[in-house]
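# Reading the structure
For reference, the chains in residue letters:
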Amino acid sequence: MSDLEAFPRPESTPEAGGEAEPRRRGPEGPYTAPPSTTSSGSPDSPAPPASGGVAGASSGADASHNNGAARAAGGGGDGADDEASGAARPARSGHRRGRRGRGGGGGAAAAPALPEGAEDGTLPPPAITPEGTGFGAVSAPAVGDGRMPELPDPPYEGKPRSVEAAAKALVPRKPKIGDSMPAPVPPQAPEPESPTADADGGGERRRRRRGSRGRSASSGSAGTAGAGRGRGGNQAKPIEQVINDDPIELDEKTLKRRRGRERKGRPVGRYLMAVHVGPKATQIAVLEGRNLVEHYVARPSDDVAQIHGNIYLGRVQNVLPGMEAAFVDIGTPKNAVLYRGDVQFDKEDVEERSQPRIEQVLRARQSIVCQVTKNPIAHKGARLTQEVSLPGRFVVLIPNSSTYGISKRLPDQERKRLRSLLDRVKPAQHGIIVRTAAEGVTEEEIERDVRRLVAQWDATDRLAKRATAPSLLYREPDLAVRVIREEFNTEYRSIVIDDVSLFEEVRDYVRSISPELADRVEYYDPSAEPLPLFERHHVHEQLVRATDRKVWLPSGGSLIIEHTEALTVIDVNTGKNVGSRSLEETVFHNNLEAAEEIARQLRLRDIGGIIVIDFVDMESKENREKTIQLFREALARDKTRTQVFDISELGLVEMTRKRIGEGLLESVSLPCEVCERRGVVLDPDLVGEHMQ
């Protein structure tokens, strides 16, 4: 008798990965199968040998040996199956039985436990029990009983001498739906994990199977994105602009020339900036004379709504060729959008000679360095660009670019002087744009500003190489510092601040960039003054009027300002203005007042996008040209880029104004819980009680 005939075929169990039916017990005891039939169908024929079943039960310790044994056994596999199921089925061909015998044990099944008593490395002989022949409760399948064994036989000779050796030899089964596993312990240092699983189950650490590699990668990405959105993860601290640099020393003659006009020892200027620091937000009001022309609201640690100018290491989520855009995860609640025109790429990396498509430049899960050019508004995410720029006081640094430019607002003579300075201070690998504030500054000041920006970009670039996307690389300073950096010049007579810490910070910053204007930064002591800062300058009153949809003109006319999803509509009405001479003259003067007031309201309310203005119809072409000319001159004082078209035959003016963030109304108001900014409440008697 061969070694394969010494052991009966084990019953397939769930632990072994098989699919055979479990043992069934009848009401009187264990179920006993009727005598099996042979291929001729005779019930008295002897049962086929069980050697084929042994070959089918082997679990992969010696696959080639078992497969050969199953083919040599002929029809042994099906005879054992017939006895286990209790059904008399005709035997199949030997080839078919051999295939079934090989598959019955599940080649990747877990190794069964060995019987006790084999500590010396050999198996004891089968024991005769009342249940049959075998180890423990294992019964013989063909000695008058016909039952299958309850435990599978060992697939190899010998027994491991320790539990650790048995665990090492265990081949993990394929995971199924509903299985659970303990949470992995995070390693001390991240190490690249092998993409393939251990073939023989060796090693003390379980390696990830190839089949779950895609799911693990996606879950890891989601975890990182979630950390960046909700908690910020454990990202490194972003780079911030240096605002407490040492002040530059200038001679008295240069300081006197650049201080600006004074009257009775006090600076004279057109604008006044009032900064009020509250418990929830910081408000900045810019007044032209006594009229409020600009208003900003800055909330502390706002890395979600006010992120204009921040630089991120983002991860491309998906690329949409049909929209020529890509959505990028930068760690904010909504993904930002990057359009094809804002993508930067190396021409050597693209095979196309013409302009490549966005799907040829970007791909999903790619990490890119990008900068926010527009804050998220309502349901829209932020807008990005890959052409990064770092603004300074006098120049704007464009890293890894050959851009070269000077502000067009400067006189021609000053542009020539600054062009000669740039040839000496411009970095070889970066681009430079000179700002309007550089008028009259020395070469030392420009060179110092360039060095500060280059060092700032080098630190940002180093952080981008070791950070994980999505993460914030560079954060713009507080809004008060940004407004001062962008706008503060000799046209401002003073900056009044009612907070001591912010006053000292702004004063030191102004000293470092424009020492001649440091005396214009003043501290407003709320405890010593009879009125708060904003009440003294009537800021709150003008803010309330700025949120109204109707604006009155000096002569009795009015403006109606309506916001829609696509554009903003401004209607000009004569109202109470009845004039004195003719209708054309009355309409013309009313439109001139409206043009001045509309330019101020656009700045104050920070209205952006498409704007349509309906002036009162004028018959004279000359009057239409004078009105549009005055309107353009009024908009010239606005630093936000605008584009105005001529008045049409219907008296309509179409224009655009760059939109950077939310408007004034959204920044100082909360949405209504009832109407949700619609301004109407539905009648429950007409639409039903459930609509309340």
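Residues numbered from 1 in each chain as written. Predicted model: local features only at pLDDT ≥ 70, side-chain atom pairs only at ≥ 80, totals over all residues. Heavy atoms only, no water.

## Details of the environment of Lys639
Here Lys639 is to be found in the loop between helix H16 (621-635) and strand E27 (642-644). Residue class for Lys639 comes out partly exposed when judged on its relative accessible area of 45%. Measuring from C-alpha to C-alpha, the distance between Lys639 and Glu486 comes to 9.5 Å, with 153 residues separating the pair along the chain. Setting aside its immediate chain neighbours within four residues, Lys639 contacts Arg409, Glu486 and Glu487. (Helix = DSSP H or I, 4+ residues; strand = E, 2+ residues; numbered from the N terminus. Buried < 20%, exposed > 50% of the residue type's maximum accessible area, 1.4 Å probe, protein only. Contact = heavy atoms within 4.5 Å.)

## Concerning the pairing of strand E8 (residues 271-277)
Of all the 7 residues making up E8, 5 are buried; the element is thus mostly covered by neighbouring parts of the structure. With 7 bridges connecting them, E8 and strand E9 (residues 282-288) associate as antiparallel partners. Bridge pairing links Ala274 to Ala285 in E9. Linking E8 to E9, which pair antiparallel, is a turn of 4 residues. (Pairing = 2+ DSSP bridges.)

## A word on the sheet that holds strand E24 (residues 558-563)
Strand order across the open sheet formed by 6 strands is E23-E24-E25-E26-E28-E27, with mixed pairing between neighbours. The open sheet has two free edges, formed respectively by strand E23 (550-552) and E27, since each of these has just one partner strand. Averaged over neighbouring strand pairs, the angle between their axes works out to 20° when direction is ignored. Contacting E23, E24, strand E25 (567-573), strand E26 (609-614) and strand E28 (652-657), helix H15 (residues 583-605) crosses the sheet at an angle of about 150° to E25. (Axes fitted to C-alpha atoms, helices over the stretch in contact; angles between N-to-C directions.)

## Side note on the packing of aromatic side chains
Under the criterion given, the structure shown has 3 aromatic pairs. Taken together, a centroid distance of 5.4 Å and an interplanar angle of 35° make the contact between Tyr271 and Tyr492 tilted. Note that Tyr271 is positioned in strand E8 and Tyr492 in strand E21 (residues 492-497), a separation of 221 residues in sequence. For Tyr271, a relative accessible area of 6% puts it in the buried group. Judged by centre distance (5.8 Å) and plane angle (45°), the ring pair of Phe503 and Tyr523 falls under tilted. Here Tyr523 lies in strand E22 (residues 521-523) and Phe503 lies in helix H12 (residues 500-513), a separation of 20 residues in the sequence. (Phe/Tyr/Trp six-rings, centres within 6.5 Å; stacked < 30°, edge-to-face > 60°.)

## Notes on H12
Here H12 is 14 residues long and its end C-alpha atoms lie 20 Å apart, about the 20 Å a rise of 1.5 Å per residue gives. Against E8, E9, helix H10 (443-466), helix H11 (479-487), E21 and E22 lie the buried residues of H12. (Expected span 1.5 Å × (residues − 1).)

## Examining the side chain of Arg393
Following the sequence through the fold, Arg393 ends up in the loop between strand E16 (390-391) and strand E17 (395-398). Glu516 provides the closest opposite charge to the buried, salt-bridge-free Arg393, at an N-O distance of 6.0 Å. At 3.3 Å, the side chain of Arg393 and the backbone oxygen of Ile484 are in polar contact. Of the polar contacts made by the side chain of Arg393, one reaches the side chain of Ser514; its length is 3.4 Å. Arg393 has contacts with Arg435, Ala437, Asp449, Ile484, Arg485, Phe488, Asn489, Ile513, Ser514 and Leu517, leaving out every residue within four places of it along the chain. (Lys, Arg positive; Asp, Glu negative; His and termini not counted. Salt bridge = Lys/Arg side-chain N within 4 Å of Asp/Glu carboxyl O. Polar contact = N/O pair within 3.5 Å; in protein donor to acceptor, adjacent residues only side chain to side chain.)

## Here we look at unusual backbone geometry
Between Ala469 and the following residue, Pro470, the backbone shows a cis peptide bond with an omega angle of 0°. Here Pro470 lies in the loop between H10 and strand E20 (471-475). At Glu324, a residue that is not glycine, the phi angle is positive and equals roughly 50°. Assignment of secondary structure puts Glu324 in the loop between strand E11 (311-320) and strand E12 (325-329). Relative accessible area serves as the criterion here: at 44%, Glu324 is assigned to the partly exposed category. One non-glycine residue with positive phi stands out, namely His538, at about 55°.

## Considerations on the sheet that holds strand E19 (residues 431-434)
Overall, mixed pairing links the 4 strands, which are arranged E16-E17-E19-E18 in an open sheet. Whereas interior strands pair on both sides, the edge strands pair on one side only; in this sheet they are E16 and strand E18 (404-406). Pairing geometry for E16 and E17, over 2 bridges, is antiparallel. Each residue of the ladder has a partner; that of Pro391, found in E17, is Val396. Lying over the sheet, H10 contacts E16, E17 and E19, oriented at roughly 35° with respect to E17.

## Digging into the confidence of the model for the chain
Confidence in the prediction of the chain, expressed as mean pLDDT, is 74, and 64% of residues score 70 or more. Below a pLDDT of 50 lies the segment residues 36-111, which in the model reaches 101 contacts outside its immediate sequence neighbourhood of four places, other chains included. (pLDDT = per-residue confidence, 0-100.)

## A closer look at the packing of helix H9 (residues 412-425) against H10
In the contact formed by H9 and H10, the axes pass within 10 Å of each other and the chain directions differ by 45°. Judged by the inter-axis angle, H9 sits oblique to H10. Note on packing geometry: the crossing formed by H9 with H10 is right-handed. Where H9 abuts H10, its residues Leu418, Leu421, Arg424 and Val425 lie against Glu443, Ile446, Glu447 and Val450. Residue classes in the contact of H9 with H10 are distributed as 5 nonpolar, no polar and 3 charged. (Parallel < 35°, antiparallel > 145°, perpendicular 65-115°, else oblique. Left-handed = near helix turned anticlockwise from the far one by under 90°. Nonpolar A, V, L, I, M, F, W, Y, C, P; charged D, E, K, R; others polar.)

## Re the pattern of salt bridges
Where charged atoms of side chains with opposite charge meet at close range, the side chains can pair. Applying the stated criterion across every chain, the model contains 24 salt bridges. In this structure, Glu414 engages Arg417 in a salt bridge whose closest nitrogen and oxygen atoms are separated by 2.5 Å. Taken together, the residues span about one helical turn, with Glu414 and Arg417 both in helix H9 at a distance of 3 residues. A relative accessible area of 13% means that Glu414 is categorised as buried. Among the residues examined, Arg417 registers a relative accessible area of 31% and is labelled partly exposed. Among the salt bridges present, the one from Glu622 reaches Lys626, with a minimum N-O distance of 3.3 Å. With Glu622 and Lys626 both in helix H16 and 4 residues apart, the pair spans about one turn of that helix. The network of salt bridges with common partners includes Arg270, Glu288, Glu596 and Arg637.

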